[in-house]
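For reference, the chains in residue letters:
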Amino acid sequence: MIKAIIDPGHAPGNANKGPTGYYEYQGVWKLSTYLKEILQAKGIQADFTRTWEQDPELYARGQKAAGYDLFISEHTNANDGKSRGTEVFYDYSKPQDKEFSEKLAGNVAAVMGNTNRGAKTRVYTESGKIYNYYGVIRGAAATDCKHILLIESGFHDNIQDEAFLKVDENLKKIAQAQAEVICNFLGIKEHWAEKHKLSLESKGIEINDDRYDDFMTRGEVFALLDRIVK
Ligand SMILES: [Zn+2]
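About the thresholds
- Residues numbered from 1 in each chain as written.
- Predicted model: local features only at pLDDT ≥ 70, side-chain atom pairs only at ≥ 80, totals over all residues.
- Heavy atoms only, no water.
- Core = buried A, V, L, I, M, F, W, Y, C linked by side-chain atoms within 4.5 Å.
- Buried < 20%, exposed > 50% of the residue type's maximum accessible area, 1.4 Å probe, protein only.
- Helix = DSSP H or I, 4+ residues; strand = E, 2+ residues; numbered from the N terminus.
- Contact = heavy atoms within 4.5 Å.
- Pairing = 2+ DSSP bridges.
- Axes fitted to C-alpha atoms, helices over the stretch in contact; angles between N-to-C directions.
- Expected span 1.5 Å × (residues − 1).
- Phe/Tyr/Trp six-rings, centres within 6.5 Å; stacked < 30°, edge-to-face > 60°.
- Lys NZ or Arg CZ within 6 Å of the ring centre and 35° of its normal.

### Remarks on the nonpolar core
Grouped together as the largest cluster of nonpolar side chains are 36 residues, with contacts concentrated most on Leu39, Ile72 and Ile182. Sort the elements by how many residues they give to this core and helix H6 (residues 168-185) lands first, with eight residues. Sequence-distant contacts of isoleucine 182, defined by excluding residues within four places in its chain, comprise Leu35, Leu39, Leu70, Ile72, Phe100 and Leu104. Counting residues in hydrophobic clusters, the runner-up holds 11 residues, among them Phe71, Val136, Ile137 and Cys145.

### As for the sheet that holds strand E5 (residues 116-120)
The pairing of strands in a sheet comes from backbone hydrogen bonds and takes either a parallel or an antiparallel form. Pairing is mixed in the open sheet, where six strands are placed in the order E2-E1-E3-E8-E4-E5. Each of the sheet's edge strands pairs with one partner strand only, and the pair in question is strand E2 (45-48) and E5. Strand-to-strand twist of the sheet, defined as the mean angle between neighbouring strand axes without regard to direction, takes the value 20°. Bridge analysis of strand E4 (residues 86-90) against strand E8 (residues 147-155) gives five bridges, and the strand direction is antiparallel. Bridged to threonine 86 within E8 is serine 153. Along the sheet face, helix H3 (residues 97-112) touches strand E3 (70-77), E4, E5 and E8 and points at about 25° away from the line of E8.

### Focus: helix H1 (residues 24-41)
Owing to its 3.6 residues per turn, the α-helix aligns residues three or four sequence positions apart on the same side. Taking 1.5 Å per residue as the helical rise, H1 with its 18 residues ought to reach 26 Å, and the 26 Å between its terminal C-alpha atoms agrees with that figure. The complete set of buried residues in H1 reads Glu24, Tyr25, Gly27, Val28, Trp29, Leu31, Ser32, Tyr34, Leu35, Ile38 and Leu39. In the core, the buried residues of H1 are packed alongside strand E1 (3-8), E2, E3, E8 and H6. Looking one or two places after H1, you find glycine 43, whose phi comes out positive at around 90°.

### A closer look at the packing of aromatic side chains
Overall, the coordinates contain eight aromatic pairs when judged by the stated rule. Here tyrosine 25 and tryptophan 52 contribute two aromatic rings whose centre-to-centre distance is 5.8 Å and whose plane-to-plane angle is 45°, an arrangement assigned as tilted. Of this pair, tyrosine 25 sits in helix H1 while tryptophan 52 sits in the loop between E2 and helix H2 (58-63), placing them 27 residues apart in sequence. Exposure remark for tyrosine 25: the relative accessible area of 13% places this residue in the buried category. Residue tryptophan 52 is classed as partly exposed on the basis of its relative accessible area, which comes to 34%. Aromatic side chains tyrosine 124 and tyrosine 131 sit 5.5 Å apart centroid to centroid with 25° between the ring planes, which places their arrangement in the stacked category. A connected cluster of aromatic rings, assembled from ring pairs, spans Tyr23, Tyr25, Trp29, Phe48 and Trp52. The cationic tip of lysine 36 hangs over the ring face of phenylalanine 48; the distance from NZ or CZ to the ring centre is 4.9 Å. Over the ring of tyrosine 133 we find arginine 122, and its NZ or CZ is 3.6 Å from the ring centre.

All we've got here are geometric facts, nothing functional implied.
Listed below in structure tokens is the structure:
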């Protein structure tokens, strides 16, 4: 089974916020929860680095990546209020994750309507050795985890990005956009029936279920026929 661990970036009490009421710890918690649900529906084991109340130290959060195929830390960015866009940091020692990171940033930027700021690494040197700058990435890089990413889905101090992040349905869209790229890079094949489900949903038929291979009962067949036979 493919295993992913999601790190909801900040805990309650964290001060990072937007100009009109968005709090990063709340936004990334919701986003992480949506992502977890989507990945689980795809048959991936998805876990969190922390509970709602817990606030583990950054390096320790990263170390929870041991035994997982993917570690992803969820954040929203802040700068000068003018910057917009989505960027993904990856472990500098895994250059093969550059493409993964670029696609991830691009897919999220597309749904947010902001700029793809691309794949990035950030490092520092100490006693001649190179280390990842971000504690969570550094901690995860000390484990056997295959893919280690930190995503900044938009800038919460930008009024346009913040407006998008304040809507739960939009956070769901971001999670969906992340999940598409994650499944692709982790080799999860799309079920043949998924396109039919999406097509029905685009026609306004709500289907809150991904159990494509479960049987229907005779009663459900009658209900279905009754709905479609005019
Ligand atoms: Zn953050």
